[in-house]
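Single-letter residue listing:
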Amino acid sequence: MHDELTAVDIKKMQEEIDYRMCVLRPQLLAEVQRTREYGDLSENAEYKEAKREKNKNESRIRYLKNMIATAKVIKIRKDEDSVCLFDTVTYYVEEDDEEEERQIVTTLRQDVLKGYLSKESPLGKALLGRKVGDRVCVKVNANYSYYVEIRGIKKGHDDENIPISSY
């Protein structure tokens, strides 16, 4: 399965790779060398932590490169009447008797605590393509679903200020 990403997602990942390879990697290698000089490596906590951070950085670089290599670049469809990628949707959750607002984003940039909802999530999938006034069933799993009513759509765009997710 390929992740569906935008050109901005790819650009942001490449920027992070460049930073991690050109700036962070030399710093982490220097820290590993510095802490190695502290003596017995079996009891050297600073050395172990420096190695852990270096390996974490290398792992993130591999992850991002793999994401870019396997990504399916998508174009953002814009429809004035229905929910599209990067639109902010106001919806009413019947079960909770609450109104909520979320922006639909690519999976790479999801952060529910900041109001960014993945287009791949059950709610994101249910909202995409719908219109104001639509009552939508959000199927979370085979045993649980709930209904929302779309109350508003603010058209959005692929904003470079939305960060990509870390680990």
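Refer to the preceding data block for the structure.
Below: a short report on this structure. Note that residues are indexed from 1 along each chain, following the sequence as it is written. Local features in a predicted model are, by the rule used here, given only for residues with pLDDT of at least 70; side-chain atom pairs are given and counted only at 80 or more, and totals for whole chains, interfaces and linings are based on all residues. With hydrogens and water excluded, all non-hydrogen atoms of the structure serve as input to the side-chain values.

A pairing counts as a salt bridge when a side-chain nitrogen of Lys or Arg comes within 4 Å of a carboxyl oxygen of Asp or Glu. Taken as a whole, this structure holds 19 salt bridges when the rule is applied. Between Glu16 and Arg60 there is a salt bridge, with its nearest N and O atoms 2.8 Å apart. Here the residue Glu16 occupies a position in helix H1 (residues 7–36), and Arg60 occupies one in helix H2 (residues 45–70), the gap between them amounting to 44 residues. The pair formed by Glu16 and Arg60 is uniform in burial state, with each residue classed as buried. A salt bridge links Glu94 to Arg135, with the nearest nitrogen and oxygen atoms 2.7 Å apart. One end of the pair, Glu94, is in the loop between strand S3 (88–93) and strand S4 (98–105); the other, Arg135, is in strand S6 (residues 135–141), and 41 residues separate them in sequence. Classification of Glu94 as partly exposed rests on a relative accessible area of 30%. Salt bridges here are not isolated pairs; linked through shared partners, they connect Glu4, Lys72, Lys119 and Glu120. Here a helix means four or more residues in a row that DSSP labels H or I, a strand means two or more in a row labelled E, and each is numbered from the N terminus. Each residue gets one of three labels from its accessible area relative to the maximum for its type: buried under 20%, exposed over 50%, partly exposed in between, using a 1.4 Å probe on protein chains only.

For the rest of this paragraph, the subject is the sheet that holds S3. Here we have 5 strands laid out as an open sheet, ordered S5-S4-S3-S7-S6, and mixed in their pairing. What marks the edges here is a single partner per strand, and that holds for strand S5 (116–118) and S6. For this sheet the average axis-to-axis angle between neighbouring strands, irrespective of direction, equals 50°. Sheet topology places S3 next to S4; 6 bridges connect them, and they run antiparallel. When the sheet's bridge partners are listed, Tyr91 is paired in S4 with Glu100. When DSSP finds two or more bridges between two strands, those strands count as paired. Between N-to-C directions, angles span 0 to 180 degrees; the directions come from axes that are lines fitted to C-alpha atoms, helices contributing only their stretch in contact.

On to the packing of aromatic side chains, then. Centres within 6.5 Å make a pair out of two Phe, Tyr or Trp rings, where for Trp the six-membered ring is used; the pair is then stacked when the planes are under 30 degrees apart, edge-to-face when over 60, and tilted otherwise. On inspection of all chains with the given rule, the structure shows 1 aromatic pair. Seen from their ring centres, Tyr144 and Tyr146 are 5.9 Å apart, and the 35° between their planes marks the pair as tilted. The residue whose ring lies beneath Arg135 is Tyr147, and the NZ or CZ to ring-centre distance is 3.9 Å. Both a distance and an angle decide whether a charge sits over a ring: NZ of Lys or CZ of Arg must be within 6 Å of the ring centre and within 35 degrees of the ring normal.

On the surface, a cluster of negative charge is contributed by Glu95, Asp96, Asp97 and Glu98. When you line up the elements, Asp97 lands in the loop between S3 and S4. Judged by relative accessible area, which is 55%, Asp97 ranks as exposed. Candidate patch residues must exceed 30% relative accessible area and have no salt bridge, after which like charges are joined if within 9 Å and Val, Leu, Ile, Met, Phe, Trp or Tyr side chains if within 5 Å. The method behind every accessible area is Shrake-Rupley, applied with a 1.4 Å probe, and residues are considered shielded solely by the protein chains displayed. In this charge count, Lys and Arg are treated as positive and Asp and Glu as negative; neither His nor the chain ends contribute. Lysine's charge is taken at NZ, arginine's at CZ, aspartate's at CG and glutamate's at CD.

What follows covers H2. The span expected for a helix works out to 1.5 Å for each residue beyond the first. Along its 26 residues, H2 runs 37 Å from first to last C-alpha, staying within 8% of the 38 Å computed at 1.5 Å per residue. Buried within H2 are the following residues: Tyr47, Ala50, Lys54, Asn57, Glu58, Arg60, Ile61, Leu64 and Met67. Where the residues of H2 are buried, they touch strand S1 (4–5) and H1. N or O atoms within 3.5 Å of each other form a polar contact, as long as, within protein, one can give a hydrogen and the other can take it, and as long as residues adjacent in sequence are counted only when both atoms are side-chain atoms. For H2, the N-terminal capping position is held by Asn44, with its side-chain oxygen 3.3 Å away from the main-chain nitrogen of Glu46. In what follows, residue pairs with any heavy atoms lying within 4.5 Å of each other are defined as contacts.

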